[in-house]
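Chain and residue survey
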Protein chains: 2
Amino acid sequence: MSIGQYRAFVVAAETGSFTAAAIDLGITQPSVSELVRRLESEYQVQLFVRGPRRLTLTAAGEELLPHAQQIVAGAEAAERTLSDIQSLEGGVATFGLLRNGDYYLLSSLIERFHAEYPNVRVRLVGLNSVEVAAAVSTGELEAGLVVLPIDDEDLVVTPLFRDEVFYASADPARLQKPKTIAEFCAAPLVLYDAHYGWRDPTRRQLAARAQLEGLRVEARIEVEHIEAALGLVSRGAGDTIVCRAIAESSTMPEGVGVVPFEEPLYDTIAMIRGRSAGLSPATRELMRFARDMIPGPLPQG
Amino acid sequence: MSIGQYRAFVVAAETGSFTAAAIDLGITQPSVSELVRRLESEYQVQLFVRGPRRLTLTAAGEELLPHAQQIVAGAEAAERTLSDIQSLEGGVATFGLLRNGDYYLLSSLIERFHAEYPNVRVRLVGLNSVEVAAAVSTGELEAGLVVLPIDDEDLVVTPLFRDEVFYASADPARLQKPKTIAEFCAAPLVLYDAHYGWRDPTRRQLAARAQLEGLRVEARIEVEHIEAALGLVSRGAGDTIVCRAIAESSTMPEGVGVVPFEEPLYDTIAMIRGRSAGLSPATRELMRFARDMIPGPLPQG
DNA sequence: ACGTGGCATAGGGTTCTCCTGTGTCAATCG
DNA sequence: CGATTGACACAGGAGAACCCTATGCCACGT
């Protein structure tokens with residue numbers, strides 16, 4: 001019941017000769033002979049009739065052939081998949097991506113990578129930074145891009161650049177001058193990433209600042225998606241925070257303006273990977289691309 | 001690259017634990033551990049993350065899983081097929097059948113066999129006796145029913161019963177009294193089984209008789225199917241030969257009558273099987289059914 | 001602090017795989 | 001008609017794979 005046995009059987013059936021099959025498989029004729037014989041004796045079934053001049057499948061062999069072919073095809077596909085992962089000639093590079101990754105340069109990164117290695121598919125798993133970090137930490141993902149800070153000890157963290165975070169409102173009166181943390185805590189807030197709550201890195205920075213002054217940040221409304229939050233803000237339901245990349249994108253509704261914090265607040269985007277696990281070539285290469293695309297060392301955004 | 005490795009991988013991925021997989025597979029945990037490790041080292045790819053408390057698939061493992069499942073499914077199907085052939089609990093009994101087998105008791109034979117062994121499918125390959133004999137001789141088929149005589153030395157031949165062969169015509173004037181071979185040779189004949197020609201057993205008997213008297217049998221028209229021949233006969237294109245089973249069946253056109261030969265001619269139906277090859281239980285059982293259904297030893301009808 | 005669950009490692013026995021070399025048999029060719 | 005060729009079986013031996021038992025390690029829960 002080994003794959004070699006089924007492969008020998010299939011090739012022998014297709015070529016009509018043990019000798020030809022042996023050449024095809026790169027082994028010797030006695031080996032093919034024995035593989036098939038073992039398959040036959042294992043189940044007490046004759047699969048071939050050994051004519052003196054040619055080989056014929058029995059009815060039992062005819063029944064077995066399609067299943068054997070399925071096994072062999074599966075084995076070839078599996079083998080190809082495993083080799084491709086090592087070869088940059090196929091397969092998939094899987095990469096975790098912070099949820100707002102779309103707003104940065106990532107689409108062009110993928111474009112360039114795909115131009116360089118057209119046979120490698122790219123799978124970007126877009127989650128919150130918290131979840132990306134957890135997935136990389138457990139090994140489900142090899143690497144990813146996240147917003148700092150993150151807690152995990154077992155990750156290699158490479159900061160890439162930072163993006164300033166602004167206070168956003170539809171009321172111009174509240175955008176007159178840079179926001180203090182006290183003003184922020186008093187504001188009617190519409191926050192997003194409800195599922196992750198205060199584990200979200202940007203929120204954690206704000207919570208830490210508030211704590212230093214004995215304050216607490218509390219959201220009036222929490223929604224899941226930033227687009228929903230901005231919609232509410234534009235209709236005057238409250239204020240929120242956005243990073244520059246989003247503020248300058250087309251997602252930003254008309255009539256919503258931004259103002260910086262008094263003490264400037266930054267999202268730091270970093271690449272993370274597991275500390276111990278080896279990286280596949282495709283992932284390694286994708287990480288190199290990501291590093292190379294960053295304009296400089298931690299520019300201000 | 002063995003099936004055991006893929007099976008261990010699949011079960012471990014599904015159960016989330018090497019230990020559980022080992023119990024599932026009926027082997028020990030170190031064995032599972034080694035099988036997976038070998039699979040990983042074979043291709044230098046990590047498939048699982050061994051968490052202290054839990055096993056997690058890597059991205060590479062996720063890619064491999066469907067292919068591995070295909071291999072395992074194919075192996076299970078193959079194994080079941082091979083066991084079924086030995087067990088009378090499934091699988092297929094393949095049987096060669098003379099072309100006119102339908103006109104005998106065969107349909108009821110199949111019915112009874114199927115009632116006894118509902119899980120065994122029956123595949124009747126209906127060919128001319130010549131071809132059935134050749135297929136059984138080479139081993140492509142395990143057994144079959146044919147009309148004698150056949151040449152092959154390597155066959156075990158068990159005569160079952162015989163069926164008289166008549167001369168058939170649409171012209172009552174030619175059916176007055178039993179036909180002599182000389183009259184037969186002179187008649188305008190419409191014969192069937194064109195493809196096999198004079199290798200057909202019934203034809204061979206007639207040719208042998210003619211040869212004894214220095215005559216030759218020649219067909220005016222040859223067609224492939226007996227139904228076509230009878231159609232021509234009913235329209236007066238010539239005469240032909242039919243066995244009793246056909247003469248009494250609904251296939252026989254109105255207006256076509258039969259008369260025996262002066263020296264009675266019989267088709268002897270026999271069961272044949274290969275001399276050396278072992279028979280599968282299903283085929284052996286089907287042969288027993290066939291023997292049991294014969295009323296007596298070589299009855300005349 | 002101790003027991004438990006789960007994976008890794010070590011060492012050994014049995015079987016499988018693959019090789020080389022040789023025998024047999026039938027079909028083909030000079 | 002004898003020699004050659006082609007294809008499969010058989011024998012014996014080296015190496016690897018598979019599976020086992022026994023044991024160690026580590027994190028978790030009581």
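These numbers were taken from a predicted model, which means no experiment stands behind them.

All names here are of chain B. By the definition in use, this model includes 18 salt bridges over all chains. The salt bridge involving glutamate 34 is made with arginine 38; its shortest N-O contact spans 2.5 Å. One end of the pair, glutamate 34, and the other, arginine 38, are both in helix α3 (residues 29–43), four residues apart, so they sit about a helical turn from each other. Looking at glutamate 34, the relative accessible area reads 41%, which means it is partly exposed. For arginine 38, a relative accessible area of 40% gives the class partly exposed. With a shortest N-O distance of 2.5 Å, glutamate 285 and arginine 288 are connected by a salt bridge.

What follows is about the domain arrangement of chain A. Residue and element names in this part refer to chain A. Parsing chain A into structural domains produces domain 1 (3–87), domain 2 (92–160 + 269–293) and domain 3 (161–268). Inter-centroid distance (C-alpha atoms) of domain 2 to domain 3 is 26 Å. Counting residues at the interface gives 18 residues for domain 2, matched by 21 residues for domain 3. A combined buried area of about 1700 Å² lies between domain 2 and domain 3, and 56% of that area is made up of carbon and sulfur atoms. Taken together, domain 2 and domain 3 are joined by zero salt bridges.

Moving on: the protein's contact with DNA strand C. Around DNA strand C, the structure places 21 residues, and the nearest of them are Thr28 and Arg38 of chain A together with Thr19, Ser33 and Arg50 of chain B. Residue serine 31 of chain A places a side-chain N or O atom 2.9 Å away from a phosphate oxygen belonging to DNA strand C. Here threonine 19 of chain B contributes a side-chain N or O atom positioned 2.5 Å from a phosphate oxygen of DNA strand C. Elements that contribute at least two residues to the surface near DNA strand C include exactly α3 (29–43) of chain A together with α2 (18–25) and α3 of chain B. Here the surface near DNA strand C takes five residues from α3 of chain A, the largest share from any one element. Grouping the constituent residues of the surface near DNA strand C by class yields six nonpolar, nine polar and six charged.

This part covers the packing of helix α1 (residues 3–15) of chain B against α3 of chain B. All names here are of chain B. With their axes 9 Å apart at the nearest point, α1 and α3 run at an angle of 105° to one another. Comparing their axes, α3 and α1 come out roughly perpendicular. On the side of α1, the interface is formed by Gly4, Gln5, Tyr6, Ala8 and Phe9, while α3 contributes Val32, Leu35, Val36, Arg38 and Leu39. A breakdown of the residues in the contact of α1 with α3 according to their chemical character gives seven nonpolar, two polar and one charged.

All names here are of chain B. Within the secondary structure, arginine 199 is located in the loop between β7 (189–191) and α8 (201–212). With a relative accessible area of 46%, arginine 199 lands in the partly exposed category. Sequence separation of arginine 199 and glutamate 131 is 68 residues, and the distance between their C-alpha atoms is 9.9 Å. The residues contacting arginine 199, other than those within four sequence positions of it, are Val130 and Arg204.

Examined bridge by bridge, strand β5 (residues 143–148) of chain A and strand β10 (residues 257–274) of chain A share six bridges and lie antiparallel to one another. Among the inter-strand pairings, leucine 145 of chain A is bridged to a residue of β10 of chain A, identified as methionine 271 of chain A.

Across the boundary between the two partners, chain A contributes 39 residues, which contact 39 residues of chain B. When the area that chain A buries against chain B is broken down by residue, the three leading residues are Tyr43, Glu63 and Leu82 of chain A, summing to 18%. Between the two partners, chain A and chain B, sit zero salt bridges. Counting every contact that joins chain A to chain B gives three residue pairs in polar contact (both at pLDDT 80 or more). Among the secondary structure elements, those contributing two or more residues to the side of chain A that touches chain B are α1 (3–15), β2 (55–57), α4 (59–87), β3 (92–97) and β4 (121–126) of chain A. When residues of the side of chain A that touches chain B are assigned to their parent elements, the largest contribution, 18 residues, is made by α4 of chain A.

In the vicinity of DNA strand D lie 20 residues, with Phe18, Thr19, Ser33 and Arg50 of chain A together with Thr28 of chain B positioned nearest. Those atoms of DNA strand D that come within 4 Å of the protein belong to sugar or phosphate at a rate of 64%. At 3.0 Å, a side-chain N or O of serine 31 of chain B approaches a phosphate oxygen of DNA strand D. Between DNA strand D and arginine 38 of chain B, the relevant distance is 2.9 Å, taken from a phosphate oxygen to a side-chain nitrogen or oxygen of the residue. Mapped by element, the contributors of at least two residues to the surface near DNA strand D are α2 (18–25) and α3 of chain A together with α3 of chain B. If one sorts the elements of the surface near DNA strand D by residue count, α3 of chain B sits on top with five residues. Split by residue class, the surface near DNA strand D holds six nonpolar, nine polar and five charged.

Let us look at the relation of the copies chain A and chain B. Each of the two chain copies can be brought onto the other by rotation about an axis and movement along it. Rotating chain A by 180° about the axis while translating it 0.0 Å along that axis superimposes it on chain B, leaving an RMSD of 0.1 Å. This pairing of chains is accounted for by a two-fold axis. Taking the C-alpha atom as reference, chain A places isoleucine 71 of chain A closest to the rotation axis, 2.4 Å from it. The residues that chain A uses at the interface reappear at the interface of chain B in 100% of cases, marking a shared surface.

Residue and element names in this part refer to chain B. In contact at an axis separation of 8 Å, α1 and α2 are set at 125° when each is read in the N-to-C sense. On the basis of the axis angle, α1 is oblique to α2. α2 is crossed by α1, and the crossing has right-handed handedness. For the pair α1 and α2, contact is made by Arg7, Ala8, Val11, Ala12 and Thr15 and by Phe18, Ala20, Ala21, Asp24 and Leu25, respectively. Split into classes, the residues belonging to the contact of α1 with α2 amount to seven nonpolar, one polar and two charged.

Cut-offs and rules
Residues numbered from 1 in each chain as written. Chains lettered and ligands numbered in written order. Predicted model: local features only at pLDDT ≥ 70, side-chain atom pairs only at ≥ 80, totals over all residues. Heavy atoms only, no water. Salt bridge = Lys/Arg side-chain N within 4 Å of Asp/Glu carboxyl O. Helix = DSSP H or I, 4+ residues; strand = E, 2+ residues; numbered from the N terminus. Buried < 20%, exposed > 50% of the residue type's maximum accessible area, 1.4 Å probe, protein only. Domains from an automatic or database assignment. Contact = heavy atoms within 4.5 Å. Buried area = accessible area lost by both parts, 1.4 Å probe. Near = heavy atom within 4 Å. Polar contact = N/O pair within 3.5 Å; in protein donor to acceptor, adjacent residues only side chain to side chain. Nonpolar A, V, L, I, M, F, W, Y, C, P; charged D, E, K, R; others polar. Axes fitted to C-alpha atoms, helices over the stretch in contact; angles between N-to-C directions. Parallel < 35°, antiparallel > 145°, perpendicular 65-115°, else oblique. Pairing = 2+ DSSP bridges. Least-squares fit on C-alpha atoms with pLDDT ≥ 70 in both. Left-handed = near helix turned anticlockwise from the far one by under 90°.

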